[in-house]
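Coordinate analysis (summary)
For reference, the chains in residue letters:
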Amino acid sequence: MELLLELDPDAAARREPQARRRADVRVYPSPLDGMTTMAAELPPEVAAACFEVVDRLAQMLKADGDDRPIGELRCEVYSALLQRPWEHAGPPVTAHLLIVATLASLAGRSTEPGEVDGLPITAAHLRELLRQLDALGIGVPDGGSVTLALTDDDGTLRATATLDQLRKAARRGCPDHPDEACGCAVLDRPQQTDRYAPTAAQQRFVHTRDRTCRFPTCGQRVGWVDADHVFPHACDGPTDCANLCCLCRSHHRLETYARGWRFRMSPDGVLTVTTPSGITRTTRPPGMRPPPPAASDPPPETAIPDHAPPPF
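In this report, we go over the structure that sits alongside the text. Everything numeric in this text was worked out from a predicted model, so none of it was measured. (Residues numbered from 1 in each chain as written. Predicted model: local features only at pLDDT ≥ 70, side-chain atom pairs only at ≥ 80, totals over all residues. Heavy atoms only, no water.)

1. Digging into the layout of surface pockets
Taken as a whole, the second largest pocket holds about 1000 Å³ of empty space. Met-38, Ala-39, Arg-74, Cys-75 and Tyr-78 are, among the 25 residues lining the second largest pocket, the residues nearest its centre. Counting only elements with at least two residues in the lining of the second largest pocket, the list comes to β1 (25-29), β2 (36-40), α3 (44-63) and α4 (70-83). By residue number, the principal contributor to the lining of the second largest pocket is α4, which donates eight residues. Considering only residue class, the lining of the second largest pocket consists of 18 nonpolar, six polar and one charged. (1 Å grid on protein atoms, 1.4 Å probe; cavity = no way out; pocket = protein on both sides within 12 Å on 5 of 7 lines; lining within 4 Å. Points joined across faces, edges and corners; volume = space filled by probe spheres on them. Helix = DSSP H or I, 4+ residues; strand = E, 2+ residues; numbered from the N terminus. Nonpolar A, V, L, I, M, F, W, Y, C, P; charged D, E, K, R; others polar.)

Set out below in structure tokens:
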């Protein structure tokens, strides 16, 4: 889906009004015994916000001591909100969406698609979503927040900051060279902490960098993942962004308890997972480009004998 949006964003934009007119709520058999699936086709940001509300209410029930699986609680909340919205007396919740876009897309210089909570949307849709951001429109929506991700040219995340933090850093400048146009960094990734639990700044950095569960082929959305210590904290693994990655609860448990699995991560967030049988897979943070292929010597020339038949 992301590739189609990138290759032909204009066609996607043209088809969107027709897709909205064809959208519907559908009911069909579930692969689970005795169950039925109910699905609705919605714009990405609406679907992400609806799921976030259902998930937060289910998490509240879980925190209150309900021992049923979280999926069952989400289904109960979903059903109650649809059938008896007037009876829902739970506390108000606010949906938090992770919107990812490049400045070039926001400014209209690129058709590169963005994401809302891992769901792809077109650059035009992103610009419509974010039209209130100041300078280009960048501003903080009521009840929400804006986090900016600063990357190297190859897409490696270097720092995250709120708008206020970015403005303060720009005003403060370099403390060592206040009157010079130096190249010192005034923003970088969060400092390591001695605690087990990552700081709020580390959580923001790691979730912005990874966006999904980093286990190969998983891709569980960032709202369902934990910031896991790649090298265990109990074995002196630091609580540092270079040792933290996003894993869904299932793969977090596998990394923690399963024998024979090996997880390693480079300082820029490239994760390597090796199975007990020795198979190795590597995942890069979304948006990080792979290194260029290493230059190799050209193959030696081979003389072709005159009597060799075609093709040579």
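Having seen the structure, we can now continue with the description.
2. Points about the pairing of strand β6 (residues 147-151)
Along any regular strand, the residues point their side chains to alternate faces of the sheet. By the bridge criterion, five bridges tie β6 to strand β7 (residues 157-162) in an arrangement that is antiparallel. When the sheet's bridge partners are listed, Thr-147 is paired in β7 with Thr-162. In sequence, β6 turns back onto β7 through a hairpin of five residues, with Gly-155 there showing a positive phi of about 90°. (Pairing = 2+ DSSP bridges.)

3. With respect to the packing of α3 against α4
One can describe the packing of α3 onto α4 by two numbers: an axis separation of 8 Å at closest approach and a directional angle of 120°. If you check the angle between α3 and α4, you find them oblique. Considering the relative orientation of α3 and α4, their crossing is right-handed. Residue-level contacts link Phe-51, Val-54, Asp-55, Leu-57, Ala-58, Gln-59, Leu-61 and Lys-62 of α3 to Ile-70, Leu-73, Arg-74, Val-77, Tyr-78 and Leu-81 of α4. (Axes fitted to C-alpha atoms, helices over the stretch in contact; angles between N-to-C directions. Parallel < 35°, antiparallel > 145°, perpendicular 65-115°, else oblique. Left-handed = near helix turned anticlockwise from the far one by under 90°. Contact = heavy atoms within 4.5 Å.)

4. Quick notes on unusual backbone geometry
Even without glycine at this site, Thr-217 takes up a positive phi of about 75°. Structurally, the position occupied by Thr-217 is in the loop between α8 (200-210) and β8 (225-229). At Asp-236, a residue that is not glycine, the phi angle is positive and equals roughly 70°. Of note, Asp-236 is situated in the loop between β8 and β9 (244-248). Here Asp-236 falls in the exposed class, since its relative accessible area comes to 70%. (Buried < 20%, exposed > 50% of the residue type's maximum accessible area, 1.4 Å probe, protein only.)

5. Considering the sheet that holds strand β10 (residues 262-265)
Ordered in space as β10-β11-β12, the three strands form an open sheet in which the pairing is antiparallel. Edge positions in the open sheet fall to β10 and β12 (280-283), since each of these has one partner strand only. Put simply, the sheet's adjacent strands are angled 15° from each other on average, direction ignored. Across four bridges, β10 lies against strand β11 (residues 271-274) in antiparallel orientation.

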